[in-house]
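This is what each chain is made of:
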Amino acid sequence: MLEVYDDAYFMRQALKQAELAGTAGEIPVGAVVVADNRIIARGYNETERLNDVTAHAEIIALTAAANHLGDKYLRGCTLYVTLEPCPMCAGALHWAQTSRIVYGASDDKRGFMRFGRELLHPKTKLEFGVLHEDCARLMQQFFRQRR
C-alpha cells in the first residue's frame, strides 16, 4: 500500500536540501518536486559552486523534474521550497505550469509576492507558511554566522 505523505513531510525534505546548500556555503534554500506523492526531483542553491546566478534551488529542481518526466510542463506536480521564490523563479514556475507551489518562509525583500501572485500561472495553487519557523530559522542562522 502506498504511504501518503503530507505537506510537512515534503517541506522537511526541502529543508534537508537547504541544509546541504548551507553546508556548501550557499544560501540555504532547498526544493523538492512531488508527483503522485513521490519526490521526483530535488535541488538546492548552487549559485556559488556553478558560478551561475540562475542556479536557484527551484530552477535546479524544475530542470531535474522536467528531465524525469520527459516534459517541460509540470502539470500535476507540486514544488515545495523553503523560501518564497524570487521573481525569476516565479517566472520559470509559471512557464512550467507547475500545478502547486508550497513555500515555507516569506522573503519580504526579494520574494515574488512583492509583485503579486500574477507572476504565477493562473491555474497554479499557492500555499505558504508550511514549517515557516524552521525555514526562517535556517536562513537567520546562516546570515547570522556570515556577519
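The protein chain has the name tRNA-specific adenosine deaminase in an unreviewed UniProt entry, where Neolewinella maritima is given as its organism. Its UniProt record gives the protein chain the following Sequence similarities (unreviewed entry) comment, quoted word for word: "Belongs to the cytidine and deoxycytidylate deaminase family. ADAT2 subfamily."

A.B. asks: Talk me through the sheet that holds strand S3 (residues 77-83); I want residue IDs and the actual numbers.
C.D. replies: Working definition: the strands of a sheet are paired by backbone hydrogen bonds and lie parallel or antiparallel to each other. Spatial strand order, S2-S1-S3-S4-S5: 5 strands in an open sheet with mixed pairing. Of all the strands in the sheet, the pair left with one neighbour each is strand S2 (38-44) and strand S5 (125-128). For this sheet, the mean inter-axis angle between neighbouring strands, taken without regard to orientation, is 15°. With 5 bridges joining them, strand S1 (residues 30-35) and S3 adopt antiparallel strand pairing. Paired with Ala 31 across the strands is Val 81, a residue of S3.

A.B. asks: Now, about the UniProt feature "binding site: Zn(2+)" (unreviewed entry) in the protein chain: what can you tell me, with residues and values included?
C.D. replies: Listed under "binding site: Zn(2+)" (unreviewed entry) in the UniProt record, and renumbered for this structure, are His 56, Cys 86 and Cys 89. A maximum C-alpha distance of 9.2 Å among these annotated residues, which run over 34 residues, shows that they cluster at one spot. Looking at the element boundaries, Cys 86 is found in the loop between S3 and helix H4 (87-95). Of the residues examined, Cys 86 reaches a relative accessible area of 16% and is grouped as buried.

A.B. asks: With reference to specific residues and values, describe the packing of helix H3 (residues 57-69) against H4.
C.D. replies: Packing of H3 against H4 leaves a shortest axis separation of 9 Å and a crossing angle of 20°. One element, H3, and the other, H4, form an angle in the roughly parallel class. Seen along the crossing, H3 lies across H4 with a hand that is left-handed. Across the interface between the two elements, Glu 58, Ile 59 and Leu 62 from H3 touch Met 88, Cys 89, Ala 92 and Leu 93 from H4. For the contact of H3 with H4, the residue count by class is 6 nonpolar, no polar and 1 charged.

A.B. asks: Account for helix H5 (residues 132-146), naming residues and giving values.
C.D. replies: Every α-helical turn comprises 3.6 residues, leaving residues that sit three or four positions apart pointing alike. The end-to-end C-alpha distance of H5, which contains 15 residues, comes to 22 Å, matching closely the 21 Å that a straight helix rising 1.5 Å per residue would cover. Of the residues making up H5, those classed as buried are Cys 135, Ala 136, Leu 138, Met 139 and Phe 142. Seen end-on, H5 carries its buried residues on one side only, within an arc spanning 155°. Among the exposed residues of H5, those pointing more than 90 degrees away from its buried face are Glu 133, Arg 144 and Gln 145. On its buried side, H5 packs onto helix H1 (7-23), S3 and strand S4 (100-105).

Criteria and cut-off values
- Residues numbered from 1 in each chain as written.
- Predicted model: local features only at pLDDT ≥ 70, side-chain atom pairs only at ≥ 80, totals over all residues.
- Heavy atoms only, no water.
- UniProt positions renumbered as here; feature names shortened; annotations may be inferred.
- Pairing = 2+ DSSP bridges.
- Helix = DSSP H or I, 4+ residues; strand = E, 2+ residues; numbered from the N terminus.
- Axes fitted to C-alpha atoms, helices over the stretch in contact; angles between N-to-C directions.
- Buried < 20%, exposed > 50% of the residue type's maximum accessible area, 1.4 Å probe, protein only.
- Parallel < 35°, antiparallel > 145°, perpendicular 65-115°, else oblique.
- Left-handed = near helix turned anticlockwise from the far one by under 90°.
- Contact = heavy atoms within 4.5 Å.
- Nonpolar A, V, L, I, M, F, W, Y, C, P; charged D, E, K, R; others polar.
- Expected span 1.5 Å × (residues − 1).
- Arc of directions from axis to C-beta.

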